[in-house]
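# Architecture at a glance
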Amino acid sequence: MENCVFCEIVAKKAPAFIVYEDDETIAFLDRYPQTLGHLQLVPKVHHRWIYELPDIGTFFATAQKIIRVIIPVLEADHVTLGTFGREVKHAHLWIVPQYKKEIGLQEGKQRQQEKPTQLAQLLKETLGGGVS
Ligand SMILES: [Zn+2]
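Residues numbered from 1 in each chain as written. Predicted model: local features only at pLDDT ≥ 70, side-chain atom pairs only at ≥ 80, totals over all residues. Heavy atoms only, no water.

The name given to the protein in an unreviewed UniProt entry is Histidine triad (HIT) protein, and the organism recorded there is Candidatus Gottesmanbacteria bacterium GW2011_GWB1_43_11.

Set out below in structure tokens:
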């Protein structure tokens, strides 16, 4: 789909800090993170809403796999998920780590916005292969 920033990220025509990728999905650091480690999980094929995916089960299984890996790495307490979809009209799932120990919400956000390379590298390595 034209003029869709997530389709451009999937096609590697727009920059993003990709942390996971397989045949169906791609995950990358959110550009405007709510917390440290805030990711967007996106299906590679353009759909407007997440509930329009032909295989939503596999999509959420991928989300679960990513979440289980990143919680210990980030020392997060749990993760919240969101499927608002108003800003970018390409189905996506917010994966937002939540912290019991207050690591400093602002500090975490800043770390992701100002030094994303290191964070992306850490998550990418922990999530293993499949990332091109
Ligand atoms: Zn799209």
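There's plenty left to go through after this.
Looking now at the side chain of Thr35. Mapped onto the fold, Thr35 is located in the loop between β2 (25–29) and β3 (39–43). Residues contacting Thr35, with those up to four places away along its chain left out, are Val96, Pro97, Gln98, Tyr99, Leu105, Lys109 and Gln112. (Helix = DSSP H or I, 4+ residues; strand = E, 2+ residues; numbered from the N terminus. Contact = heavy atoms within 4.5 Å.)

This part covers unusual backbone geometry. Phi at Lys12 is positive, roughly 60 degrees, even though this residue is not glycine. Looking at the secondary structure, you find Lys12 in the loop between α1 (5–10) and β1 (18–21). Note on Lys12: relative accessible area 41%, which makes it partly exposed. Notably, Glu75 is not glycine yet its phi reads approximately 60 degrees, a positive angle. When you line up the elements, Glu75 lands in the loop between α2 (56–74) and β4 (78–82). Residue classification places Glu75 among the exposed residues on the basis of a relative accessible area of 61%. (Buried < 20%, exposed > 50% of the residue type's maximum accessible area, 1.4 Å probe, protein only.)

Attention now goes to the UniProt feature "active site" (unreviewed entry) in the protein. The residues that UniProt annotates with the feature "active site" (unreviewed entry) are His92. Mapped onto the fold, His92 is located in the loop between β4 and β5 (93–98). Side-chain polar atoms of His92 contact the backbone oxygen of His90, separated by 2.6 Å. (UniProt positions renumbered as here; feature names shortened; annotations may be inferred. Polar contact = N/O pair within 3.5 Å; in protein donor to acceptor, adjacent residues only side chain to side chain.)

If you walk across this open sheet you meet the five strands as β1-β2-β3-β5-β4, and the pairing is antiparallel. Strand pairing shows two members of the sheet lacking a second neighbour, β1 and β4, which therefore form its edges. Pairs of neighbouring strands in the sheet enclose a mean axial angle of 20 degrees, with direction left out of account. Of the strand pairs in this sheet, β3 and β5 are connected by three bridges, and their pairing is antiparallel. (Pairing = 2+ DSSP bridges. Axes fitted to C-alpha atoms, helices over the stretch in contact; angles between N-to-C directions.)

Turning our attention to the coordination of the zinc ion. Distances from the zinc ion to its protein donors, Cys4 (SG), Cys7 (SG), His46 (ND1) and His90 (ND1), fall at 2.0 to 2.3 Å. For the zinc ion, the four donor atoms are set out with angles of 103 to 116 degrees between them, so the coordination reads as tetrahedral. Expressed as a motif, the donor residue spacing for the zinc ion is C-x2-C-x38-H-x43-H. Note that His46 is positioned in the loop between β3 and α2 and His90 in the loop between β4 and β5, a separation of 44 residues in sequence. Exposure remark for His90: the relative accessible area of 0% places this residue in the buried category. (Donors = N, O, S within 2.8 Å, 3.2 Å for Na, K, Ca; no water. Tetrahedral: all angles 85-135°; square planar, octahedral: opposite > 155°, others 65-115°.)

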